[in-house]
Amino acid sequence: MKRKYGNKLVWKLISKVIFQATLYTVCLIILYFIGNFVCRLFTWQPSDFFYRVFKAIEDNVLFLFFTWLIGFIVICVLNLSKFLSYIDAIVDASQVLVSDSDDLIKLPEDLASVETRMNQVKKESLHNLKLARENEQRKNDLIVYLAHDIKTPLTSMVGYLSLLDEIDDMPKSKRKKYVSIALDKAYKLEDLINELFDITRFNSETIILKNEEVNLRLMLEQIIDDFYPTLNDLNKKIELFMEDDIMLYGDSDKLARVFNNIIKNAINYSIGEYPIKIDVSKNEENVNIIISNRGHKMSDIELQKIFEKFYRLDSSRTSKTGGSGLGLAIAKEIVELHGGTIKATSDLEYTSFYVSLPLRKS
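Sequence order as written defines the numbering, with residues in each chain counted from 1. Where totals are concerned, whole chains, interfaces and linings use all residues; where local detail is concerned, this predicted model gives features only for residues with pLDDT of at least 70, and gives and counts side-chain atom pairs only at 80 or more. Side-chain metrics rest on all non-hydrogen atoms present in the structure, leaving aside hydrogens and water.

Here helix α6 (residues 216-226) crosses helix α8 (residues 252-269) at 45°, and the two axes come no closer than 10 Å. Accordingly, the angle class assigned to the pair α6 and α8 is oblique. Here the hand of the crossing between α6 and α8 comes out right-handed. Mapping the contact onto sequence places L216, M219, L220 and I223 in α6 and S252, L255, A256, F259, N260 and I263 in α8. Class assignment for the residues of the contact of α6 with α8 results in eight nonpolar, two polar and no charged. For every element, the axis is a line fit to its C-alpha atoms; helices are fit only across the contacting stretch, and the angle between N-to-C directions ranges from 0 to 180 degrees. Only DSSP runs of H or I covering at least 4 residues are called helices, and only runs of E covering at least 2 are called strands; the numbering of each starts at the N terminus. Our angle categories are set so that under 35 degrees counts as roughly parallel, over 145 as roughly antiparallel, 65 to 115 as roughly perpendicular, and the remainder as oblique. Left-handed describes a crossing whose near helix is turned anticlockwise from the far helix by less than a right angle; the clockwise case is right-handed. Throughout, a residue-residue contact means that at least one pair of heavy atoms, one from each residue, lies within 4.5 Å. Put simply, Ala, Val, Leu, Ile, Met, Phe, Trp, Tyr, Cys and Pro go in the nonpolar bin, Asp, Glu, Lys and Arg in the charged bin, and everything else, Gly too, in the polar bin.

Listed below in structure tokens is the structure:
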């Protein structure tokens, strides 16, 4: 078990006091014996000054003890004063620690390890504060963008429904067309409202896993089937490469959300009519899933930020692919709660997401 640094500092102080007191005691003892030796080495006259000094040291042991005691008290006071100055320095440093400034903490040399730790905490705190502010700004921007985007389908719906309400003898074909457009706008409006709910719910929702045995093949096939209408409209398909049924231990609903979010992202950002590929393999401990799509190469900065909350590859608020920027952040959190890892790579041909999950309960 690690000893706390406060205890180390106290023991260091005690050790220092003991060392100095011992050294001081040895010096006094040596002085006593020197006085005794000198008094016997020479023939002194009682009036000689040094004789009187050495004789007093030899004959008055009590005086020697009080001299030692005073010296010991001085040593203790000086060291205690230094220890209290360390406490004052730490208290002053704690004010710098909680401030928003970029100033680093400076402590006495004996507190070098404390200084290092406090500066690490300071840097992490500033980094987290910066991320929190960026996420809050992104969230606020997205809410403004989505609120603005809600007006577009809503205005179209009101317009087409007004025409349907006003024109009683509208031709059946035109009426069907307007109903279809209004319904399409309603679906778009539903998606935007769901994104607003996702943004509101993300920070307050605690993800709790309900683990059980999960058949990964059945899960992926079900998710692929759910995307069939979207894939059909885009003239795309998903190819699943998986030799055997794989059973893993996890929360089936949460894991389905992970793969749904990644596949949705792959569909949205894929180009052309190239298939989206899902390769599944396993070893003794983990199952590895690779989801790849043909798409534009992402920069290193985009790859670093892709799993951050509210980050969207397409920053345009009018983009059809630009969602709330939460899908991949949620996927990452769920995968890590399962004890797995997730990462993304991108080159001139493919963008790939690598998900690794433990097969058994950790």
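Okay, the packing of aromatic side chains next. Working definition: rings of Phe, Tyr and Trp (its six-membered ring) pair if their centres are within 6.5 Å, and the pair is stacked with planes under 30 degrees apart, edge-to-face with planes over 60 apart, and tilted otherwise. A complete count under the given rule lists two aromatic pairs for this structure. Relative to Y178, the ring of Y160 lies with its centre 5.2 Å away and its plane at 50°, an arrangement referred to as tilted. In this pair, Y160 is assigned in helix α4 (residues 112-166) and Y178 in helix α5 (residues 172-202), connecting sequence segments 18 residues apart. The interplanar angle of 90° and the centroid separation of 6.1 Å between the aromatic rings of F307 and F353 together place this pair among those described as edge-to-face. Linking F307 in the loop between α9 (300-305) and α10 (327-337) with F353 in strand β7 (residues 350-358), this pair joins segments that are 46 residues apart in sequence. Across this residue pair, the class does not change: F307 and F353 are buried. The cut-offs for exposure are 20% and 50% of the maximum accessible area for each residue type, with area from a 1.4 Å probe on protein chains only; residues under the lower value are buried, those over the upper are exposed, and the others partly exposed.

Before going further, it helps to spend a moment on a nonpolar patch on the surface. Nonpolar side chains collect at one region of the surface, where V10, W11, I14 and I18 lie side by side and expose about 370 Å² of accessible area between them. For I14, the position within the fold is in helix α1 (residues 5-41). Accessibility expressed as a relative area gives 36% for I14, which makes it partly exposed. Patch definition: residues above 30% relative accessible area lacking any salt bridge, with like charges linked at up to 9 Å and the nonpolar side chains Val, Leu, Ile, Met, Phe, Trp and Tyr linked at up to 5 Å. Methods summary: accessible areas were calculated by the Shrake-Rupley approach with a probe of 1.4 Å, and residue burial reflects only the protein chains presented. Salt bridges are counted wherever a side-chain nitrogen of Lys or Arg sits within 4 Å of a carboxyl oxygen of Asp or Glu.

What follows concerns the nonpolar core. Joining through side-chain atoms within 4.5 Å is the link that ties buried Ala, Val, Leu, Ile, Met, Phe, Trp, Tyr and Cys residues into a set, and such a set is a nonpolar core. Core analysis: the largest hydrophobic core is formed by 41 residues, its most contacted members being L216, F259 and I289. Secondary-structure elements contributing two or more residues to this core are α6, α8, β4 (276-282), β5 (286-294), α10, β6 (341-346) and β7. At seven residues, α8 tops the list of elements feeding residues into this core. Beyond its immediate chain neighbours, meaning those up to four positions away, L216 contacts M242, I246, L248, F259, V280, V287 and I289. Ranked by size, the runner-up nonpolar core spans eight residues in total, among them A93, I105, V114 and M118.

The next subject is the confidence of the model for the protein chain. Per-residue confidence from the prediction method is given by pLDDT, with values spanning 0 to 100. In the predicted model, the protein chain carries a mean pLDDT of 78, and 77% of its residues have values of at least 70. Overall, residues 315-321 carries pLDDT values under 50, and its contacts beyond four positions in sequence, including any with other chains, amount to eight contacts.

A few words now on unusual backbone geometry. The backbone of N235 sits at a positive phi, close to 60°, despite the residue not being glycine. Position of N235 among the secondary structure elements: in the loop between α7 (228-234) and β2 (238-241). A relative accessible area of 47% means that N235 is categorised as partly exposed.

Turning next to the pattern of salt bridges. Applying the stated rule across the entire model yields five salt bridges. One salt bridge connects R217 with E221, and the closest N-O pair in it is separated by 3.6 Å. With R217 and E221 both in helix α6 and four residues apart, this pair spans about one turn of that helix. For E221, a relative accessible area of 33% translates into the label partly exposed. Put simply, E336 and K332 hold a salt bridge, and the shortest N to O gap is 2.7 Å. You can see E336 and its partner K332 sitting in helix α10, four residues apart, about one turn around the helix. It is possible to trace a salt-bridge network through shared partners that takes in R217, E221 and D245.

Glancing now at the side chain of N261. Here N261 lies in helix α8. On the basis of relative accessibility, which here comes to 16%, the residue N261 falls in the buried class.

The next point concerns α8. To estimate how far a helix should reach, multiply one less than its number of residues by 1.5 Å. The end-to-end C-alpha distance of α8 is 26 Å, a good match for the 26 Å that 18 residues give at a rise of 1.5 Å each. What α8 keeps buried is the set S252, L255, V258, F259, N261, I262, I263, N265, A266 and I267. A 3.5 Å cut-off defines polar contacts: any pair of N or O atoms within that distance qualifies, except that in protein one atom must be a possible hydrogen donor and the other a possible acceptor, and neighbouring residues in sequence count only when both atoms are side-chain atoms. Measuring from the backbone nitrogen of D253 back to the side-chain oxygen at the start of α8 gives 3.1 Å, which picks out D251 as the cap.

Only four residue types enter the tally: Lys and Arg on the positive side, Asp and Glu on the negative side; His and the chain ends are excluded. In this description, the location of a charge corresponds to atom NZ of lysine, CZ of arginine, CG of aspartate or CD of glutamate. A surface patch of like charges, here negative, comprises D165, E166, D168 and D169. Counting through the fold element by element, D169 comes out in the loop between α4 and α5. Judged by its relative accessible area of 67%, D169 falls in the exposed class.

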